[in-house]
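Architecture and fold: a report
Chain residues, written in single-letter form:
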Amino acid sequence: MINGISIYEILTLTTILFFIGVYGFFTRKNLITILMSIELILNASAINFVIINTYLYPENLQGAIFSVFIIAVAAAETALAVAIIINLYKMITSVEVKGTELMKY
Amino acid sequence: MERIIFYILAAIIIIFAIASVSSKKMLRAVIYLLFVLIAISGIYFMVDYSFLGAVQLAVYAGGVIVLIIFSVLLVHHIELNLELASTKKRVIAALISFTGIAMVLPVILTHKFNVVENSRTIEVKDIGEKMLSYDSGGFILPFEVISILLLAVMIGAIVIAKGNRLGLKENQETRDKKQDIINQ
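Conventions adopted
Residues numbered from 1 in each chain as written. Chains lettered and ligands numbered in written order. Predicted model: local features only at pLDDT ≥ 70, side-chain atom pairs only at ≥ 80, totals over all residues. Helix = DSSP H or I, 4+ residues; strand = E, 2+ residues; numbered from the N terminus. Rg over C-alpha atoms; globule rule 2.2 N^0.38 Å. Buried ≥ 20, exposed ≤ 12 C-beta atoms within 10 Å, placed from the backbone. Contact = placed C-beta atoms within 7 Å. Nonpolar A, V, L, I, M, F, W, Y, C, P; charged D, E, K, R; others polar. Expected span 1.5 Å × (residues − 1). Arc of directions from axis to C-beta. pLDDT = per-residue confidence, 0-100. Axes fitted to C-alpha atoms, helices over the stretch in contact; angles between N-to-C directions. Parallel < 35°, antiparallel > 145°, perpendicular 65-115°, else oblique.

**Some words on the overall build of chain A**
Within chain A, the regular secondary structure consists of 3 helices and 0 strands. Counting helices and strands in the order they occur from the N terminus, chain A gives α-α-α. Over its C-alpha atoms chain A spans a radius of gyration of 17 Å, topping by over 25% the 13 Å that the globule rule assigns to 105 residues. For the C-alpha atoms alone, the extent of chain A along its principal axes is close to 55 × 25 × 20 Å. Buried residues in chain A amount to 50% of all 105 residues. For chain A, the share of sequence-separated contacts (at least 6 apart) that also reach a separation of at least 24 residues comes to 44%.

**With respect to the interface of chain A and chain B**
Listed per partner, the contact involves 58 residues of chain A and 70 residues of chain B. Put simply, the parts of the chain that give the side of chain A that touches chain B at least two residues each are α1 (7-27), α2 (31-56) and α3 (62-92) of chain A. By residue number, the principal contributor to the side of chain A that touches chain B is α3 of chain A, which donates 20 residues. Partitioning the side of chain A that touches chain B into residue classes produces 41 nonpolar, 14 polar and 3 charged.

**So, helix α1 (residues 2-22) of chain B**
Residue and element names in this part refer to chain B. Along its 21 residues, α1 runs 30 Å from first to last C-alpha, staying within 8% of the 30 Å computed at 1.5 Å per residue. Among all positions of α1, only F6, A10, I13, F16, A17, S20 and V21 are buried. Down the axis of α1, the sector holding all buried residues measures 155°, keeping them to one side. Those residues of α1 that are exposed and angled more than 90 degrees off the buried face are I4, I8 and A11.

**Quick notes on the confidence of the model for chain B**
Considering every residue of chain B, the mean pLDDT works out to 86; 88% of them sit at 70 or more. Per the prediction output, this complex has pTM 0.87; the corresponding ipTM is 0.91.

**Things to note about unusual backbone geometry**
All names here are of chain B. With a phi close to 60°, D48 is a non-glycine residue in the positive phi region. Along the chain, D48 turns up in the loop between α2 (26-46) and α3 (50-75). By the C-beta count within 10 Å, which is 16 here, D48 ends up partly exposed.

**Notes on the confidence of the model for chain A**
On average, chain A scores 88 in pLDDT, and the residues at 70 or more come to 96%. When pLDDT is averaged over each element of chain A, α1 of chain A comes out on top at 93 and α3 of chain A at the bottom at 89.

**Overview of the packing of α2 of chain B against α3 of chain B**
All names here are of chain B. α3 packs onto α2 with a crossing angle of 175° between their chain directions and a minimal axis gap of 8 Å. Relative to α3, the element α2 is oriented roughly antiparallel. Within the contact between the two elements, α2 uses M26, L27, V30, L33, L34, L37, I38, I40, S41, Y44 and F45 and α3 uses S50, L52, G53, Q56, L57, Y60, A61, I65, I68, I69 and V72. The residue makeup of the contact of α2 with α3, split by class, is 18 nonpolar, 4 polar and no charged.

Printed below as a string of structure tokens:
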């Protein structure tokens, strides 16, 4: 735990970070920027795992290990999303959300 | 001292996160996201979990950001300004986010956490042993699942990014067959 910092301050920080990500997810119209907002959300949850582990249950390691898994899944998701975006750009030369209607049928 | 560093990191995270979701220039938004991720790794170092801090720096700052920058450079002109959402939509989204914060924060701040005073350092050795242990509470199964997931993602990314070229021949054959059926 961090000396002089209570768990409430860190959880406040991660809550704000999470909802900044949600705001970005709602307002952005470009696939890559939406992906970046999702990264913000995933990072906020990863910090929460670590903080709750170290402040409340320091004898266990579950939260610490699961944050590693979160990072692995987030990296895998980004790699796949970038591949899809580049393929989409080759098909319709656009990465805007409103231009993507290929998979609707 | 640690208080001051934490508040500086928190300010960096919030300011640059807001800048990242509202910036008009694409590449700048990515660089602001990089600052946010580096500050988050600083928080991991502050709770004495240096392994995750290093992983955060290597995977996010080193890998994910470079991947996103590559894709931005491949699909955008560098000076291109992003199309922003309309003011009405942005106000609604900000209202939704503030409502979310206003709903979650009171719950967190009034809940009484049983904080255990400690100064534990999470060692890499403990993480490695726990991840590969078969005993109860071990994490060998998620570890294997993640390795299969990463393999599947590698193959999937190659197949998707190569696009039509892999299945071109087959597509032509099926198209010929369809043409034959139509002709008949």
